[in-house]
Amino acid sequence: MTPTGAELHSHVAELYPLCRSITGEGLRATLRNIAGRIPLHLSEVPTGRRVLDWEVPPEWNVRTAFVATPDGRRVIDFADHNLHLVQYSMPVDRIVPRAELEAHLHSLPDQPTLIPYRTSYYTPSWGFCLAHRNRMALKEDAYHVRIDSTLAPGSLTYGECVVPGESVQEVLFSAHCCHPSLANDNLAAIAVAVALAQQLAARPRRRFTYRFLFAPGTIGAICWLAANRAAAARIRHGLVLTCLGDPAPPTYKKSRRGTAPIDRYAAHVLGGGGRIREFSPTGYDERQFGSPGFDLPVGCLMRSPGGTFAEYHTSADNPDFVRPEALADSLGVLTDIVDLIEHDEHWRNTAPYGEPQLGRRGLYDSGQDRMALLWVLNLADGRHSLLDIAERSGRTFAAVAAAAAALAEAGLLVRASASDEGRSPSPPPSPAE
Ligand code: ZN
C-alpha cells in the first residue's frame, strides 16, 4: 500500500502543469485529480461571502496572456509557463509603451534565469513575471499586452477527505493547493497527503477520525474554519503539510500552544535528524488554525521552510527539485507520527504487586523485547503514557507499543480510564458537514 518515492514524484509531475490559483478551473482540476485517488468532498464557497474577517474574492480564470512585439512576436507567453502571469491579473488588450510595461514586470536580478511567482489577489492590477536576462532584452518602444482573463462572480473550491475512526475526535492534515506550477511548494505535500490518506484508510483500525483538507492558502483555510466550527472543536492533533519534497531534512514548526501532544510527537519522531522551530504567526495555515480564537493544536511539517531555499517561489521549484527519496521519507515521518497519535495511550498494570510471572503467560521467551515488557509493566500506572515509557526506558516507541499490545492481550494491562475520555459510540461525522 505504501507508494514508492517514484510514484509520489510522478503525482507531483502530473499536477505540475495545471494553473492553480485561490479560485478557478485549475484549482478544481487539481481537486478532481485528488478525487480520482481518494474520496474527496468538494465545497464551493460563493464570491462575496463573508468568511470570518474576509470576503471570498471573484473567481479568476485565464485563457491566454502574452506580451508581443509590434510585429506580433511573443516575448512573454503564459502558454510557455504558468508563472509568467501575475496571479489575478485583470484583462488587458492594448499597446503599452515600454516604460509603462516595465512597471508591470517582475524579475530576479540575482537569479537572472528564473521566473518569479507573484500574486495580486486583493489589489486590482496586472503584471508579468520573466527571467531577468529576458527582461534585459526588451528593446522595443512599445509592446502589445494581451491578457484574456476573467474576474467574475463564481466560487472558491476546497476539498476534504474524512477517514473515520472509533472516536469522533479528529486529526487534521492540511495542504494548500493554490500555487500554480511550483512543485515543492506545495505539490509535494499534496502527493504525500494523498498517500497518507490511502494508507490510513487501509488500516484495520483507527482510534481517531482523520480529516485531510486541500484548500487555497489563507482564504481557503479561513473558509473552512468559518463553515466548520464544530469539526474544528473536535481537532485533537493537526499538521499543516508543506514543502515535503526537497532534499533537506525534515523541519517541524510547533503549534501556537507549543506544548501540545503533536509538538511532542513530531519532536520525538524527528529526533536528532530534524529541526524544530518555535511557532510564529507567519508561514502557512498554521497561523489560521492557531489564531487565538481557535488556538488549535496544529503544527507544520516541512523539509526546507518556505522562503529559506533559493528555488522558493521561482521556476526552479519544479519537479526536478523534488526528490523521490525525500517524498518517501516525508511519508515515513508522517506514518511514524500517526503511530504515536494512535498508540500513545495510558495503560494500567492489572498485577502491580510484585512482578507478574511472564513465563506462565508465554511472554518470557516470546521474542518480545523483554526490557520493553518490564518497563511497560513497571510504568503502566495510568499516569505514564506509552511515549513517556519509551522516553524514560530508551526503548523505541514501536517496541514499547508492541510490548503493551502483547501485555494487554495477556490480560496484564487495561486502558486507564483517562485515555477513554471523548470516546463516543455515535457515528463519525460525514465529510459533507
Ligand atoms: Zn508559497
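As the structure is a prediction and not an experimental result, all values here were calculated from the model.

Would you mind going over the pattern of salt bridges in detail, with residue names and values included?
Here the structure, examined in full by the defined rule, presents 27 salt bridges. Glu-14 is the salt-bridge partner of Arg-37, the closest N and O atoms lying 3.1 Å from each other. One end of the pair, Arg-37, is in the loop between helix 2 (25-35) and strand 1 (41-46); the other, Glu-14, is in helix 1 (residues 5-15), and 23 residues separate them in sequence. Glu-14 sits in the partly exposed class, given a relative accessible area of 42%. Among the salt bridges present, the one from Asp-295 reaches Arg-257, with a minimum N-O distance of 4.0 Å. Taken together, the residues span a long stretch of sequence, with Asp-295 in the loop between helix 9 (286-289) and strand 16 (298-302) and Arg-257 in the loop between strand 14 (251-253) and helix 8 (261-270) at a distance of 38 residues.

Describe the packing of aromatic side chains, and please don't skip the residues or the numbers.
The description of an aromatic ring pair uses the distance of the two centres, along with the angle that the planes make with each other. Under the counting rule described, the total for this entry stands at 10 aromatic pairs. Taking 5.6 Å as the distance between ring centres and 25° as the angle between the ring planes, the aromatic pair formed by Trp-60 and Tyr-88 counts as stacked. Linking Trp-60 in strand 4 (residues 59-68) with Tyr-88 in the loop between strand 5 (74-77) and strand 6 (92-97), this pair joins segments that are 28 residues apart in sequence. Since its relative accessible area comes to 3%, Trp-60 is described here as buried. Overall, the relative accessible area of 3% leaves Tyr-88 in the buried class. On the numbers, 6.4 Å between centres and 70° between planes, the contact of Trp-224 with Phe-289 is edge-to-face. Of this pair, Trp-224 sits in helix 6 (residues 219-227) while Phe-289 sits in helix 9, and the two are 65 residues apart along the sequence. Owing to a relative accessible area of 0%, Phe-289 belongs among the buried residues under this scheme. Each member of the aromatic cluster is reached from another via a ring pair, and the members are Trp-54, Trp-60, Tyr-88, Tyr-121 and Tyr-122.

Lay out the coordination of the zinc ion with the relevant residues and their values.
Looking at the zinc ion, the protein donor atoms are His-179 (NE2), Asp-185 (OD) and His-313 (NE2), and they sit 2.0 to 2.1 Å from it. In the primary structure, the donors to the zinc ion are separated according to the pattern H-x5-D-x127-H. Comparing His-179 with Asp-185, the two get one shared label, buried.

Explain the packing of helix 12 (residues 386-393) against helix 13 (residues 397-409) residue by residue, including any values.
With their axes 9 Å apart at the nearest point, helix 12 and helix 13 run at an angle of 125° to one another. Accordingly, the angle class assigned to the pair helix 12 and helix 13 is oblique. Here helix 12 and helix 13 pass one another in a crossing that is right-handed. Counted together, Leu-386, Leu-387, Ile-389, Ala-390 and Ser-393 of helix 12 and Phe-397, Val-400, Ala-401 and Ala-404 of helix 13 form the full contact between these two elements. Looking at the contact of helix 12 with helix 13 residue by residue, the class counts come to 8 nonpolar, 1 polar and no charged.

Pulling in residues and values, what's your account of the side chain of Glu-342?
Tracing the sequence through the fold places Glu-342 in helix 10 (residues 324-343). Of the polar contacts made by the side chain of Glu-342, one reaches the backbone nitrogen of Arg-207; its length is 2.6 Å. Setting aside its immediate chain neighbours within four residues, Glu-342 contacts Arg-203, Arg-205, Arg-206, Arg-207, Phe-208 and Tyr-210.

Please set out the side chain of His-84 residue by residue, giving values where relevant.
Position of His-84 among the secondary structure elements: in the loop between strand 5 and strand 6. Excluding anything up to four places from it in sequence, His-84 contacts Ile-76, Asp-77, Phe-78, Ile-115, Gly-127, Phe-128, Cys-129 and Leu-130.

Outline the pairing of strand 5, listing residues and values.
On any regular strand, side chains alternate: one points to one face of the sheet, the next to the other face. Strand direction decides the pairing type here: strand 4 and strand 5, joined by 3 bridges, are antiparallel. By the bridge assignment for strand 5, Phe-66 is matched with Asp-77. Connecting the antiparallel pair strand 4 and strand 5 is a turn made up of 5 residues, with Gly-72 showing a positive phi of about 95°.

How would you summarise the sheet that holds strand 1 if you had to cite specific residues and measurements?
Think of a sheet as strands paired side by side through backbone hydrogen bonds, with each pair either parallel or antiparallel. Pairing in this open sheet of 8 strands is mixed, and the strands run 1-10-12-11-13-16-14-15 from one edge to the other. The open sheet terminates on both sides in strands that have one partner only, identified here as strand 1 and strand 15 (275-277). Taking each pair of neighbouring strands and ignoring which way they run, the sheet shows an average axis angle of 20°. Bridge count for strand 11 (residues 170-176) against strand 13 (residues 235-241) is 5 bridges, and the pairing is parallel. Considered in strand 13, the bridge of Phe-173 is made with Leu-239.

How would you summarise the environment of Leu-187 if you had to cite specific residues and measurements?
With respect to the helices, strands and loops of the structure, Leu-187 is situated in helix 5 (residues 183-202). Since its relative accessible area comes to 1%, Leu-187 is described here as buried. Taking C-alpha positions, Leu-187 is 27 Å from Gly-258, a pair spaced 71 residues apart along the chain. Leaving out residues up to four positions away in the same chain, Leu-187 has contacts with Val-12, Leu-15, Tyr-16, Arg-20 and Leu-182.

Which residues make up the nonpolar core, and what values go with them?
Counting residues in each nonpolar core, the largest one holds 74 residues, and the members touching the most others are Phe-173, Tyr-210, Phe-212 and Phe-214. Broken down by element, the residue count for this core peaks at 13 residues, all from helix 5. Structurally, this core is a two-domain feature, drawing no fewer than three residues from each of domain 1 (5-57 + 166-342) and domain 3 (346-420). Filtering out sequence-adjacent residues up to four positions away, Tyr-210 remains in contact with Cys-161, Val-162, Val-163, Val-171, Phe-173, Leu-200, Val-338, Ile-341 and Glu-342. If you look at the next biggest cluster of nonpolar residues, it comprises 56 residues, including Val-56, Leu-130, Ala-231 and Cys-300.

Calculation notes
Positions within a chain are numbered from 1, following the residues in the order the chain's sequence is written. In keeping with the model being predicted, local features are shown solely for residues with a pLDDT of at least 70 and side-chain atom pairs are shown and tallied solely at 80 or more, while totals for entire chains, interfaces and linings include all residues. Note: side-chain values were computed over all heavy atoms of the structure, leaving out hydrogens and water. The term salt bridge refers to a side-chain nitrogen of Lys or Arg lying within 4 Å of a carboxyl oxygen of Asp or Glu. Numbered from the N terminus, helices here are DSSP runs of H or I no shorter than four residues, and strands are runs of E no shorter than two. Here's how the labels work: a residue is buried when its accessible area is under 20% of the maximum for its type, exposed when over 50%, partly exposed in between, all with a 1.4 Å probe on protein chains only. Note on ring pairs: Phe, Tyr and Trp rings are taken, using the six-membered ring of Trp, and paired if centres are within 6.5 Å. Classes follow the plane angle, with under 30 degrees stacked, over 60 edge-to-face and the rest tilted. In this listing, donors mean N, O and S atoms no farther than 2.8 Å from the metal, or 3.2 Å for Na, K and Ca; water is missing from the atoms, so a site can look incomplete. Here an angle of 0 to 180 degrees is reported between the N-to-C directions of two axes, which are lines fitted to C-alpha atoms, with helices fitted over the stretch in contact. Here is the rule for angles: anything less than 35 degrees is roughly parallel, anything more than 145 is roughly antiparallel, 65 through 115 is roughly perpendicular, and the remaining ranges are oblique. By convention the crossing between two helices is left-handed if the near helix lies anticlockwise of the far one by an angle smaller than a right angle, and right-handed if it lies clockwise. A contact between two residues is defined here by any heavy atoms of the two lying within 4.5 Å. Residue polarity is assigned by list, with Asp, Glu, Lys and Arg as charged and Ala, Val, Leu, Ile, Met, Phe, Trp, Tyr, Cys and Pro as nonpolar; anything else, Gly included, falls into the polar class. Side-chain atoms alone can form a polar contact between residues adjacent in sequence; in general such a contact is a pair of N or O atoms within 3.5 Å, and within protein one must be able to donate a hydrogen while the other accepts it. Paired strands, in this sense, are two strands between which DSSP finds at least two bridges. Residues belong to one nonpolar core when they are buried, are Ala, Val, Leu, Ile, Met, Phe, Trp, Tyr or Cys, and are joined through side-chain atoms within 4.5 Å. Domain limits in this description derive from either an automatic procedure or a database domain assignment.

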